[in-house]
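Okay, here's what each chain looks like letter by letter:
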Amino acid sequence: MSNNRIIDALTQQLKQYKADPAVEKVGTVLEIGDGIAKISGLSSAMAGEMLDFGNGVMGVALNLEEDFVGAIVLGDYQKIIQGTTVKTTGRILEVPVGDGMIGRVVDALGQPLDGRGAISTKTFYPLEKIAPRVITRQGVSVPLQTGIKAIDGMIPIGRGQRELIIGDRQTGKTSIAIDTIINQKGQDVICIYVAIGQKSSKVARIVSELTNGGAMDYTTVVLASSSDPASLLYLSPFAGCAIGEYFMDQGKDVLVIYDDLSKHAVAYREIALVLRRPPGREAYPGDIFYLHSRLLERAARLSKDYGGGSLTALPIIETQAGDISAYIPTNVISITDGQIFLETDLFYQGVRPAINTGLSVSRVGSAAQIKAMKKVAGKMKLDMAQYRELAAFAQFGSDLDEATRKQIHLGQRLTEVLKQGQFQPLPVVLQVTILYAATNGYLDDVPVEKVREFEAGLLGYAQAHGQAILKNIAEKKEIVEATEHQLRGLIVEYKQSLDYLTKA
């Protein structure tokens, strides 16, 4: 009897049973080493798909060959051995995005590195994404103020632009980027700083500086340090871009800094060589140009119909002995909308930021300047270029005509005015004030060695006694005739209070 009950129960269970088969596409590791795995049996894997190696180790499919798949391993590849089973996940590599990322330091996969706990976000964006099409964009016309006189005056950057910062090591490239981030305080711009192959100690100093300047309230730092595997260095700028794109899609303005793409190219070359991709010039793979172009093309200013957000990219490239005609520098120069070239000689002469105004250019030009800045800085680039030429010529002889002497005197004073301390970005109205004084002859009787002192004094005087003038320029973004008259009066008034000018 009991047997019959058991049989009936089993029969009932069999009737109710519904098969729920799960199909898993699996492969086997053929070779593993240097963070690269060769896998057989994953014929249906997608390019950029995440692969599960087990033991919590993930990878990304890069090479889709006829007989095997080449993948980069994200994590400790020493846990993987030949014969390990690999599963496809059906998911393209993605990174967590959202407001929770602001103020955090994360790795190339969006995992926190700052010891402040998990990041609460349910939204993910793919690392690789097709750049916005031409029809979805609008022209670059809103300035992104860096707070650096030489850049905002002569090489302006607009929201949605890609402006390259290029120069030898230790010439102040990162300083310009950090000053720009600090200057975005109150400008409603979200900043993302991507450190590629930098020392962790250097990035800790940068985070400390940003925190002191109150900039971490709107900044995310993506870190792939020099001790991380090449795979994370390769992915980090794409992760930073994806985090920025989320905010751009919300209609916000974003600034992304890639520091630097030279190390990014070297990491990609390492991966490509281990994957046995054919090497090209300087052993870089053939698609090294496409690597950077598909990254930088994602910088855009979207039209109002598509949210009106923008993503501005400031890639950094390190040159060797000032050679901007090398392979990677020329590649990135041709992708970007201009470059800021920093020169070692100028840096050691004490001209800091050491911007070579002759080789630096913004292809957006005065479209990315407010009218007030256009008015005061319009001739400045030409004046500086003529000064450089005449200064080199003048050192061969002292017999100079009056026009040449005047040009050299103006150039010397402009050079002094354009010097600026680190982490001291200036609001645009104060830049306009001192550049107006410099370009309209008010510094002609100021000794060169006193120009920096004059500038500090004038700006302090303007903030104390010319608040109405500064407010007027800030609101109207141009210098109307009445305001110009008041500004002239303010400068003359200040000059009369200077002992070394009244005595002269």
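Residues numbered from 1 in each chain as written. Predicted model: local features only at pLDDT ≥ 70, side-chain atom pairs only at ≥ 80, totals over all residues. Heavy atoms only, no water.

Enquirer: Can you tell me about empty space enclosed by the protein, naming the residues and giving the values?
Expert: Counted according to the given criterion, the structure contains 2 cavities of 30 Å³ or more. As a volume, the largest cavity reaches approximately 70 Å³. A per-class count over the lining of the largest cavity returns 6 nonpolar, 2 polar and 2 charged. Estimated volume of the second largest cavity: approximately 40 Å³. What lines the second largest cavity is Pro143, Leu144, Gln145, Asp152, Pro156, Ile157, Ala368, Gln369, Ile370 and Met373. Looking at side-chain class alone, the lining of the second largest cavity contains 7 nonpolar, 2 polar and 1 charged residues. (1 Å grid on protein atoms, 1.4 Å probe; cavity = no way out; pocket = protein on both sides within 12 Å on 5 of 7 lines; lining within 4 Å. Points joined across faces, edges and corners; volume = space filled by probe spheres on them. Nonpolar A, V, L, I, M, F, W, Y, C, P; charged D, E, K, R; others polar.)

Enquirer: Quick one: what's the story with helix H5 (residues 230-249), residue by residue and with numbers?
Expert: An α-helix turns once every 3.6 residues. As a result, residues three or four positions apart point the same way. Helix length check: H5 (20 residues) gives 30 Å between terminal C-alpha atoms against 28 Å at 1.5 Å per residue, within 8%. Along H5, the sharpest kink reaches roughly 35 degrees, centred on Ser236 and followed within four residues by the proline Pro237. Counting buried residues in H5 gives 19 out of 20 residues, a clear majority hidden from the surface. Of the residues flanking the end of H5, it is Gly251, one or two places downstream, whose phi is positive at about 85 degrees. (Helix = DSSP H or I, 4+ residues; strand = E, 2+ residues; numbered from the N terminus. Expected span 1.5 Å × (residues − 1). Bend = angle between axes of the 7 residues up to and from the residue. Buried < 20%, exposed > 50% of the residue type's maximum accessible area, 1.4 Å probe, protein only.)

Enquirer: Any details on the sheet that holds strand E3 (residues 49-52)? Residues and values, ideally.
Expert: The strand order E1-E2-E5-E4-E3-E6 describes a closed barrel built from 6 strands, whose pairing is antiparallel. Neighbour-to-neighbour, the strand axes of this sheet turn through a mean angle of 45 degrees, independent of strand direction. Examined bridge by bridge, strand E1 (residues 26-33) and strand E6 (residues 85-92) share 3 bridges and lie antiparallel to one another. The partner of Val26 across the bridge, within E6, is Lys87. Lying over the sheet, H5 contacts strand E4 (58-64) and strand E5 (69-74), oriented at roughly 90 degrees with respect to E5. (Pairing = 2+ DSSP bridges. Axes fitted to C-alpha atoms, helices over the stretch in contact; angles between N-to-C directions. Contact = heavy atoms within 4.5 Å.)

Enquirer: Go over the layout of surface pockets, please, and point to the residues and values.
Expert: Of the volumes computed, that of the largest pocket is approximately 870 Å³. The wall of the largest pocket is formed by 32 residues, among which Gln170, Gly172, Thr174, Ser175 and Lys202 lie closest to the centre. Mapped by element, the contributors of at least two residues to the lining of the largest pocket are helix H3 (173-183), strand E11 (189-198), helix H4 (200-212) and strand E15 (310-318). Counting residues per element, the lining of the largest pocket draws most heavily on H3, which supplies 6 residues. Class assignment for the residues of the lining of the largest pocket results in 10 nonpolar, 10 polar and 12 charged.

Enquirer: Just give me the short version of the nonpolar core, but keep the residues and values in it.
Expert: Ranked by internal contacts, the top residues of the largest apolar core, which has 72 residues, are Ile181, Leu210 and Ile340. Dropping the residues within four chain positions of it, Ile340 is found in contact with Ile151, Ile155, Ile157, Glu163, Leu164, Ile165, Ile166, Ile176, Ile355 and Ser360. Residues Val194, Leu233, Ala239 and Ala313 belong to the second largest nonpolar core, which totals 61 residues. (Core = buried A, V, L, I, M, F, W, Y, C linked by side-chain atoms within 4.5 Å.)

Enquirer: Before we move on, could you go through the environment of Thr84 and cite the residues and values that matter?
Expert: Inspection of the secondary structure assignment puts Thr84 in the loop between E5 and E6. Distance from Thr84 to Leu487, taken between C-alpha atoms, is 74 Å for residues 403 residues apart in sequence. Contact partners of Thr84, with chain neighbours within four places excluded, come to Gly27, Thr28, Val29 and Phe53. At 2.6 Å, the side chain of Thr84 forms a polar contact with the backbone oxygen of Ile81. (Polar contact = N/O pair within 3.5 Å; in protein donor to acceptor, adjacent residues only side chain to side chain.)

Enquirer: Go over the packing of aromatic side chains with me, naming the residues and quoting the values.
Expert: Counted under the stated rule, the structure contains 9 aromatic pairs. For the pair Tyr284 and Tyr327, a centre-to-centre distance of 5.9 Å together with 55 degrees between the ring planes defines the contact as tilted. With Tyr284 in the loop between helix H6 (261-274) and helix H7 (288-296) and Tyr327 in helix H8 (residues 327-335), this residue pair connects regions lying 43 residues apart in the sequence. Following the ring pairs from residue to residue traces out a cluster consisting of Tyr125, Tyr246 and Phe247. Positioned above the aromatic ring of Tyr284 is the side chain of Arg269, whose terminal nitrogen or guanidinium carbon lies 4.3 Å from the ring centre. (Phe/Tyr/Trp six-rings, centres within 6.5 Å; stacked < 30°, edge-to-face > 60°. Lys NZ or Arg CZ within 6 Å of the ring centre and 35° of its normal.)

Fair warning: the whole summary comes from geometry, so function is off the table for now.
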